[in-house]
Amino acid sequence: FQTSEEKQKGLNNKIYKTGDLVKWLENGEVEYIGRNDFQIKLRGYRIEIGEIENALLSYENIDKCVVVVRENKLKSKYLVCFYTSKEELNEDQIDNYLKLKLPDYMIPSRIVRIDKIPLTVNGKTDLKSLPDIDLTDSNKYIAPRNDIEKKICKIWSELLGIDENKIGINDDF
């Protein structure tokens, strides 16, 4: 990264560890492979997934959790938390708790209870085996009540690639 001439002049003498994994291609270009940590970039923010998981684990009755990044049909990314507990917990209460601990951009879009966190044969979390989660929640669905609400739901439907009939007035994207 530095010729002996540059070194003598004190030029180009800093290299930063970014956490990005790359490889040199035969044509001299660099190909981006991914990250060597659990840091992601979401809506312009660098987020350490472990921070979100630690905040969730500090919530009463959550035994284990995993936070993953998902994409909708239009390639917009969002966070989903899967947790295990002995009993069903109130998603809104967990959400409010996290808002006291984390900035808004780190709050998962969905918080879902599952029976157990799937593991690979090596004992690591099997992220591919986690269930697919839709951003909309049929339990909280309230249909648009007037023309303005219908137009807003239609706009969100087009932007997110979600069926217009699944977007209610309380959905938060």
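The model shown is predicted, which means the values in this text are computed figures rather than measured ones.

Calculation rules
Residues numbered from 1 in each chain as written. Predicted model: local features only at pLDDT ≥ 70, side-chain atom pairs only at ≥ 80, totals over all residues. Heavy atoms only, no water. pLDDT = per-residue confidence, 0-100. Helix = DSSP H or I, 4+ residues; strand = E, 2+ residues; numbered from the N terminus. Core = buried A, V, L, I, M, F, W, Y, C linked by side-chain atoms within 4.5 Å. Buried < 20%, exposed > 50% of the residue type's maximum accessible area, 1.4 Å probe, protein only. Contact = heavy atoms within 4.5 Å. Polar contact = N/O pair within 3.5 Å; in protein donor to acceptor, adjacent residues only side chain to side chain. Pairing = 2+ DSSP bridges. Axes fitted to C-alpha atoms, helices over the stretch in contact; angles between N-to-C directions.

**What to know about the confidence of the model for the protein chain**
The pLDDT averaged across the protein chain works out to 82; a share of 86% of its residues lies at or above 70. Strand β2 (residues 30-35) is the least confidently modelled element of the protein chain, averaging 71 in pLDDT, while helix α3 (residues 91-101) averages 91, the highest of any element.

**Some remarks on the nonpolar core**
Formed by 21 residues in total, the largest nonpolar core has its most connected members in Ile-52, Leu-56, Ile-62, Leu-79, Tyr-83, Ile-94 and Leu-98. Contributing elements (two or more residues each) for this core: β3 (39-42), α2 (49-57), β5 (64-71), β6 (77-84) and α3. Looking at this core, the element that brings in the most residues is α2, giving four residues. Sequence-distant contacts of Leu-98, that is, excluding residues within four places in its chain, are made with Ala-55, Leu-56, Ile-107, Pro-108 and Ile-111. In terms of nonpolar packing, the next biggest core, distinct from the first, is built from 10 residues, Val-66, Val-112, Ile-114 and Leu-130 among them.

**Concerning the environment of Arg-70**
By the element assignment, Arg-70 lies in strand β5. According to the relative accessible area criterion, Arg-70 is buried, its value standing at 15%. A C-alpha to C-alpha distance of 10.0 Å links Arg-70 and Ser-109, two positions 39 residues apart in sequence. The residues contacting Arg-70, other than those within four sequence positions of it, are Ser-76, Lys-77, Tyr-78, Val-80, Phe-82, Leu-127, Leu-130, Pro-131, Asp-132 and Ile-133. In this structure the side chain of Arg-70 is engaged in a polar contact, spanning 2.9 Å, whose partner is the backbone oxygen of Pro-131.

**Some thoughts on the sheet that holds strand β7 (residues 110-113)**
If you trace the three strands from one edge of the open sheet to the other, you get β5-β6-β7, paired in mixed fashion. Of all the strands in the sheet, the pair left with one neighbour each is β5 and β7. Averaged over neighbouring strand pairs, the angle between their axes works out to 25° when direction is ignored. Against the sheet, α2 makes contact with β5 and β6, and its axis sits at roughly 140° relative to β5, the strand it touches most. The strands touched by α3 are β6 and β7; relative to β7, the strand with the most contacts, the crossing angle is about 130°.

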